[in-house]
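# Structure at a glance
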Amino acid sequence: MRFDVQMALSKAKVRDISKKELSHLLGITRQTLFAYLKKPDKMPYGVAARMATILSDDSDEAKRMFCGE
């Protein structure tokens, strides 16, 4: 699985979503979010998919952010 952390953080910034708010929307702690952003290969599929859905404008953008291999 590949998750584009830079794209996700950029989209969060554009949408004015803080990491605290994003962690709340994902149902995880802020510390867990930071760990996943630091090592995205450890991020569970479900969390990555929810993050892509929350931050993307459409399904094509979500696919670019989150690509299963």
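Okay, so let's go over this structure. For clarity, every value in this text was computed on a predicted model and none was experimentally measured. (Residues numbered from 1 in each chain as written. Predicted model: local features only at pLDDT ≥ 70, side-chain atom pairs only at ≥ 80, totals over all residues. Heavy atoms only, no water.)

## Comments concerning helix H1 (residues 5-14)
Helical periodicity: at 3.6 residues per turn, an α-helix aligns residues three or four positions apart in one direction. Cut-off, in case you're wondering: Only protein chains enter the accessibility calculation, which uses a 1.4 Å probe. A residue is then buried if its area is under 20% of the maximum for its type, exposed if over 50%, and partly exposed in between. Each helix is a run of DSSP H or I of at least 4 residues and each strand a run of E of at least 2, with the numbering of both proceeding from the N terminus. The arc under discussion is defined with respect to the helix axis, by the directions toward the C-beta atoms. In what follows, residue pairs with any heavy atoms lying within 4.5 Å of each other are defined as contacts. Polar contacts here mean pairs of N or O atoms no more than 3.5 Å apart (in protein, one a potential hydrogen donor and the other a potential acceptor; neighbouring residues in sequence count only if both atoms are side-chain atoms).
Every buried residue of H1 is listed here: Val5, Met7, Ala8, Lys11 and Ala12. The buried residues of H1 all sit within an arc of 165° when viewed along its axis, so they share a single face. Counted as exposed and oriented over 90 degrees from the buried face of H1: Gln6, Lys13 and Val14. Against the buried residues of H1 lie strand E1 (2-3), helix H3 (30-38), helix H4 (45-55) and helix H5 (59-65). Its side-chain oxygen placed 3.3 Å from the backbone nitrogen of glutamine 6, aspartate 4 serves as the N-cap of H1. Backbone geometry just after H1 places aspartate 16 at a positive phi near 60°.

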